[in-house]
Amino acid sequence: MNSTLLEPTVTAHDLPNLIPSVEWITDTARVARLSQDFAWFSPILKRDLAGKVGEVVARPRSEVEISAIVAACAKAKIPLTIRGTGTGNYGQSTPLFGGVILDLSGFNAFCWVRGQVGRAQSGIRLSEFDVHARPHGMELRWLPSTFRSATLGGLFGGGFGGAGSINYGPLAAPGNVLAVRVMTVEPEPQIVEVRGAEAMLLHHTYGTNGIVLELEVALSPCVPWSECVAQFESFDNALEFASKLTKAPGLIKKEISFLAAPIPTYMAPLMPLFNDKQHAVLMVLAPQSIEGVEEMAKAFGGGFCYNKTAEEVQSSNRTLVEYTWNHTTLHALKIDKNFTYIQSGFTPSKHVEQVKALEKELGGEVLMHLEFLRTKEGDFNCSGLQLIHYTTEERLNEIMAIYRSHGVQINNPHVYIVEDGKQNNLDPAVVKMKERFDPLGLLNPGKLRSWASREQRTS
Ligand SMILES: Cc1cc2nc3c(=O)[nH]c(=O)nc-3n(C[C@H](O)[C@H](O)[C@H](O)COP(=O)(O)OP(=O)(O)OC[C@H]3O[C@@H](n4cnc5c(N)ncnc54)[C@H](O)[C@@H]3O)c2cc1C
């Protein structure tokens, strides 16, 4: 195609004919499905994003194909919304203004492992990345519970971290993501390598300020992880055990998830083992640490009720990781459609007391689910994905206000604008990055408020 001939009247629907070498999806029902993610966890987002769909989906497999699509969109000013596999929670890959959905799940080659560093194209699934890294004795430092289907680019563009964040913090911690290769959205797209702190300006920006083609990430040595569950009668003991284990330097772990009663009874593998008064701590542990962790659980009045080796986990194809993070919410929603959730960041060193106080105030209506981790700065902490018996939007907002009044940060999962969620103090350098990589403002328009207000100021 000679794209210099494109008329400004070209629409998204014309692109499949103009660039026939690319795989296009035009069937309305499939396009609508590929316009959605897991925003339906939130009754508010479900309402606010209803009917928002792209016009066509492009599924490129090479940089040449991506470049042809981007050039055509830039010339005809067609919005472009990047999608990995659409496991995001906030309508991040749902276009607000139609246009092309750029599905990068087919752009998924593994590049290399060198020492403790790996590199791959952004559409690679995280599970697939580890399949390539393990023969080198390495694995990803963090696995979201969606690791089977989520992409590396999607985790970078819209995610936080996951199992492993207890050792390495979130993706955003310096040293985790080393570099990104980015394509600009212009009539003649450029490709640029961005390294270090500058690369992080594209993190968690919902694909609004550049198309990430490849990521280079630091890895960790592979461990044959076992999976265990400790059961407790007392909320406080389970909480204190989880907090103490997080900090125990000699006990090697990848995941500690605290599920207050009755949440364990919603999780399929745990259902037969728990009654609705018992609390669970789900753990992914190095085999040599199991004995020490079991002793520690006993000291807090708990006991192990589930213990699987890495081989057992692999042969059963069932991992506890898929019962942690937002998979807990997913399983609970299968039992009761009236659940929704909030996301909260506690204060390191005060987190145990904050959790106890909030359980006292809201227990029963808000079910405590905590993920223990290290913060970006390295402090031991926990972050909450509390389940809520949803009644009204007003009450949901009241609950979040009560959390804030206890000094707990709310990363509101019921909003779709970047600055309304986790990035409420958006670094102005993020907008500068958008000026550099998306000067026409075509990437996921409407999601970055600071860009929209900049446009208003300059028009
Ligand atoms: C049940 C469930 C459990 C979850 N558990 C976790 C968890 O443990 N930890 C966690 O962090 N998150 C979690 N999430 C959120 C989500 O799964 C992760 O963020 C995931 O990594 C997103 O990957 P994806 O490929 O599905 O991205 P998508 O949802 O397709 O995209 C996410 C965002 O990134 C942008 N994007 C995608 N690819 C690129 C690219 N190449 N360049 C630029 N921008 C891009 C998109 O435009 C979009 O805004 C969970 C979600 C669900 C539904």
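Coordinates for the structure precede this section.
The structure presented is a predicted model; accordingly, all values stated were derived computationally and were not measured.

Engineer: So what about the layout of surface pockets? Which residues, and what values?
Structural biologist: Quantified by volume, the second largest pocket comes out at close to 650 Å³. Where the lining of the second largest pocket is concerned, the elements lending two or more residues are α5 (126-133) and α11 (310-316). The residue makeup of the lining of the second largest pocket, split by class, is 12 nonpolar, four polar and seven charged.

Engineer: Summarise the environment of Val-212; cite the residues concerned and give the values.
Structural biologist: Its location among the elements puts Val-212 in strand β10 (residues 211-221). Separated by 135 residues in the primary sequence, Val-212 and Lys-77 place their C-alpha atoms 20 Å from one another.

Engineer: Tell me what's going on with the site of the ligand, and back it up with residues and numbers.
Structural biologist: Taken together, 33 residues surround the ligand, and among them Ile-82, Gly-84, Thr-87, Thr-151 and Phe-160 come closest. In the environment of the ligand, an oxygen atom lies 2.8 Å from a nitrogen or oxygen atom belonging to the backbone of Gly-88. Note that an oxygen atom of the ligand is positioned 2.6 Å from one of the backbone N or O atoms of Phe-160. Isolated, the ligand exposes 970 Å² of accessible area, and the fraction of that covered by the protein chains is 97%. Going through the elements one at a time, β3 (80-83), α6 (152-158) and α12 (325-335) are the ones with two or more residues in the shell around the ligand. Among the residues forming the shell around the ligand, the class breakdown is 10 nonpolar, 22 polar and one charged.

Engineer: For the pairing of β10, give the residues involved together with the corresponding values.
Structural biologist: Here β10 lies mainly inside the structure; 10 of its 11 residues are buried. Judged from the five bridges that link them, strand β6 (residues 117-121) and β10 form a sheet pairing that is antiparallel. Bridge pairing in β10 links Gln-121 to Glu-214. Where strand β7 (residues 138-140) and β10 come together, three bridges link them in antiparallel fashion. Looking at the pairing, Leu-140 lines up with Leu-219 of β10.

Engineer: I'd like a rundown of the sheet that holds strand β4 (residues 100-103), residues and numbers included.
Structural biologist: One open sheet holds the four strands; their spatial order is β1-β2-β4-β3, and the pairing between them is mixed. At either end of the open sheet lies a strand with only one pairing partner, and these are β1 (23-25) and β3. Taken pair by pair, the neighbouring strands of this sheet meet at an average axis angle of 25°, ignoring direction. Note that strand β2 (residues 56-59) and β4 share three bridges and pair parallel. Its bridge partner being in β4, Ala-58 is matched across the sheet by Leu-102. Its contacts with the sheet place helix α4 (residues 63-76) against β1, β2, β3 and β4, and it is angled at close to 160° to β4.

Engineer: Residues and numbers for the packing of helix α9 (residues 235-247) against helix α13 (residues 351-362), please.
Structural biologist: For the pair α9 and α13, the least separation of the axes is 11 Å and the interaxial angle reads 155°. When the axis of α9 is compared with that of α13, the two are roughly antiparallel. Read as a crossing pair, α9 and α13 show a hand that is right-handed. Touching Phe-235, Asp-236, Leu-239, Glu-240 and Ser-243 of α9 are His-351, Val-352, Val-355, Lys-356 and Glu-359, all from α13. Taken together, the residues of the contact of α9 with α13 break down into four nonpolar, two polar and four charged.

Engineer: Talk me through the pairing of strand β18 (residues 369-374); I want residue IDs and the actual numbers.
Structural biologist: In terms of burial, β18 is largely enclosed, as five of its six residues are buried. Relative to β18, strand β12 (residues 253-259) is paired through three bridges, and the arrangement is antiparallel. The partner of Phe-258 across the bridge, within β18, is Leu-370. Direction of pairing for β18 relative to strand β19 (residues 380-384): antiparallel, over a ladder of five bridges. Note that in β19 the partner of Leu-370 across the bridge is Gly-384. Between the antiparallel neighbours β18 and β19 lie five residues, among them Gly-378 with a positive phi of about 100°.

Rules used in this analysis
Residues numbered from 1 in each chain as written. Predicted model: local features only at pLDDT ≥ 70, side-chain atom pairs only at ≥ 80, totals over all residues. Heavy atoms only, no water. 1 Å grid on protein atoms, 1.4 Å probe; cavity = no way out; pocket = protein on both sides within 12 Å on 5 of 7 lines; lining within 4 Å. Points joined across faces, edges and corners; volume = space filled by probe spheres on them. Helix = DSSP H or I, 4+ residues; strand = E, 2+ residues; numbered from the N terminus. Nonpolar A, V, L, I, M, F, W, Y, C, P; charged D, E, K, R; others polar. Near = heavy atom within 4 Å. Polar contact = N/O pair within 3.5 Å; in protein donor to acceptor, adjacent residues only side chain to side chain. Areas by Shrake-Rupley, 256 points an atom, 1.4 Å probe, with all protein chains shown as cover. Buried < 20%, exposed > 50% of the residue type's maximum accessible area, 1.4 Å probe, protein only. Pairing = 2+ DSSP bridges. Axes fitted to C-alpha atoms, helices over the stretch in contact; angles between N-to-C directions. Contact = heavy atoms within 4.5 Å. Parallel < 35°, antiparallel > 145°, perpendicular 65-115°, else oblique. Left-handed = near helix turned anticlockwise from the far one by under 90°.

It is worth stressing that arrangement in space is one thing and function is another; only the former is reported here.
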